[in-house]
Amino acid sequence: MKVFFIGTSACTPGKGEETASFLINEHILVDTGWCNVLKLKEYGFAPEKLKYLILTHLHQDHYLGLPQLLFYLGIGKVDGTYSQDWPLTVIGPSEKLDYVLKKTEDFLQFDRFQELTVQLHPHVLIPGKTYEDENIRLETISAKHISGVDRTEKAMVCKLTDKHSSGTVCFTGDTSYHPPIADFARGVPVLIHDSCHSSAAEAAATARDAGVAKLFLIHHPPAENSKKLREARAVFPASFLAEAGQSVEV
Ligand SMILES: [Zn+2]
Ligand SMILES: [Zn+2]
């Protein structure tokens, strides 16, 4: 299994950066960042090869790139330059998934430009449940994620197995320190963990308690890279910064 980091930044990326998002085996996208379709092309990937989009939760910095992706897929179909012959399966943790998909289609005026319509298979996956088909197995638990003063957000921590390649990876979207993640990630070689809502030391403690081989930190501002890495390695030496444009073999 190959995990390619498209972006690793915090909520508002700086110039040339992208918010935390990654591509697994070239056809499973985790979150869309702000502008993933352009980033995918920049890195030599074909967005039309995507089969799955996993949205860890429905906060804007994790789905802002969705309209651009759907427009790209739609316009390619019209032009005949590329096309996707299968529906894009979109998996997310709350009823807001359907809401966001509908609003995105409205924003793109698919009712007026029906030829652009992209076939989607939405799948609401309540954290704690598992999604499985002939290609992937996606186990989940709840993250601990509160925005604003007390707005609890349904957010997933995921353990993904691609049945066509060996390897399982565990990743969070946004989460505060949440000890159950260590139990959930036990035995998995690589944990990709938020270090924005959790401190780097907390992410590292989770990795240590889970006994993973490597921890990759995502979603903090790049200016904090060296501080984050120092904090994490003090707790768990096999900690690394996820770097945009780099991949990790699992
Ligand atoms: Zn969030
Ligand atoms: Zn976020």
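Report on the accompanying structure. This one's a predicted model, so the numbers in the text were calculated from it and none came from an experiment.

Calculation notes
- Residues numbered from 1 in each chain as written.
- Chains lettered and ligands numbered in written order.
- Predicted model: local features only at pLDDT ≥ 70, side-chain atom pairs only at ≥ 80, totals over all residues.
- Heavy atoms only, no water.
- Donors = N, O, S within 2.8 Å, 3.2 Å for Na, K, Ca; no water.
- Helix = DSSP H or I, 4+ residues; strand = E, 2+ residues; numbered from the N terminus.
- Buried < 20%, exposed > 50% of the residue type's maximum accessible area, 1.4 Å probe, protein only.
- Arc of directions from axis to C-beta.
- Pairing = 2+ DSSP bridges.
- Right-handed = clockwise from strand over helix to strand, strands pointing away.
- Phe/Tyr/Trp six-rings, centres within 6.5 Å; stacked < 30°, edge-to-face > 60°.
- Lys NZ or Arg CZ within 6 Å of the ring centre and 35° of its normal.
- Polar contact = N/O pair within 3.5 Å; in protein donor to acceptor, adjacent residues only side chain to side chain.
- Contact = heavy atoms within 4.5 Å.
- Axes fitted to C-alpha atoms, helices over the stretch in contact; angles between N-to-C directions.

## Quick look at the coordination of the zinc ion (ligand 1)
At the metal site, the zinc ion (ligand 1) is ligated by His57 (NE2), His59 (ND1), His145 (NE2) and Asp174 (OD), and these contacts range over 2.1 to 2.2 Å. Mapped onto the polypeptide sequence, the residues donating to the zinc ion (ligand 1) form the spacing pattern H-x1-H-x85-H-x28-D. Metal-to-metal, the separation of the zinc ion (ligand 1) and the zinc ion (ligand 2) is 3.8 Å; aspartate 174 coordinates the two. Taken together, the positions of histidine 57 in the loop between strand E4 (52-54) and helix H2 (60-63) and aspartate 174 in the loop between strand E12 (168-172) and helix H5 (180-185) put the pair 117 residues apart, joining distant regions of the chain.

## Quick word on helix H7 (residues 225-235)
Among the residues of H7, those classed as buried are Lys228, Leu229 and Ala232. Looking straight down H7, one finds its buried side chains confined to an arc of 95°; they lie on one side. Facing away from the buried side of H7, by more than 90 degrees, are the exposed residues Ser226, Arg230 and Ala234.

## Details of the pairing of strand E13 (residues 190-194)
Across the five residues of E13, five count as buried, placing the element largely inside the fold. With three bridges connecting them, E12 and E13 associate as parallel partners. Of the residues in E13, the one forming a bridge with cysteine 170 is leucine 191. Handedness of the β-α-β unit built from E12, H5 and E13 comes out right-handed.

## Some details on the packing of aromatic side chains
Tallying each qualifying case throughout the model produces seven aromatic pairs. Ring centres 6.0 Å apart and planes at 70° place the aromatic pair phenylalanine 5 and phenylalanine 22 in the edge-to-face group. A residue pair is termed long-range when its members are at least 10 positions apart, and phenylalanine 5 in strand E1 (residues 2-7) and phenylalanine 22 in strand E2 (residues 21-24) qualify at 17 residues. The class for phenylalanine 22 is buried, based on a relative accessible area of 2%. Pairing tyrosine 72 with tyrosine 82 gives two aromatic rings, centres 4.5 Å apart and planes at 10°, and the pair type is stacked. Remark: tyrosine 82 occurs in the loop between helix H3 (66-79) and strand E5 (88-92) and tyrosine 72 occurs in helix H3; sequence separation between them is ten residues. The exposure class of tyrosine 72 is buried, given its relative accessible area of 12%. Ring pairs connect the aromatic residues Phe5, Phe22, Phe171, Phe216 and Phe240, which therefore count as one cluster. The side chain of lysine 51 reaches across the aromatic face of tryptophan 86, ending 4.6 Å from its centre.

## Some points on the coordination of the zinc ion (ligand 2)
Donor atoms from the polypeptide that coordinate the zinc ion (ligand 2) comprise Asp61 (OD), His62 (NE2), Asp174 (OD), Asp174 (OD) and His219 (NE2), at 2.1 to 2.7 Å from the metal. In the primary sequence, the donor residues of the zinc ion (ligand 2) line up as D-H-x111-D-x44-H.

## Observations concerning the side chain of threonine 168
Relative to the helices and strands, threonine 168 resides in strand E12. A polar atom in the side chain of threonine 168 sits 2.9 Å from the side chain of threonine 161. Not counting residues within four places of it along the chain, the set of residues in contact with threonine 168 comprises Met1, Lys159, Leu160, Thr161, Val188, Pro189 and Val250.

## Quick look at unusual backbone geometry
Backbone geometry places asparagine 25, a non-glycine residue, at a positive phi of 50°. Along the polypeptide, asparagine 25 turns up in the loop between E2 and strand E3 (28-30). One non-glycine residue, histidine 219, adopts positive backbone phi at about 80°. Within the secondary structure, histidine 219 is located in the loop between strand E14 (214-218) and H7.

## Quick word on the sheet that holds strand E11 (residues 156-162)
On the basis of which strands lie adjacent, the open sheet formed by seven strands has the order E7-E8-E11-E12-E13-E14-E15 and mixed pairing. Every interior strand has two partners, whereas the edge strands, strand E7 (130-132) and strand E15 (239-241), have only one. Mean inter-strand twist for the sheet, computed between neighbouring axes without regard to direction, equals 20°. Here H7 sits on the sheet in contact with E14 and E15, set at roughly 170° to E15.

## A word on the pairing of E2
Burial along E2 is two-sided: the face carrying Ser21 and Leu23 and the face carrying Phe22 and Ile24 are both buried. In this sheet, E2 lies alongside E1 in antiparallel orientation, the contact comprising four bridges. Looking at E2, one finds that glycine 7 is bridged to serine 21. Where E2 folds back onto E3 in an antiparallel hairpin, the turn is made up of three residues, including asparagine 25, whose phi is positive at roughly 50°.

Keep in mind these numbers describe shape, not what the thing actually does.
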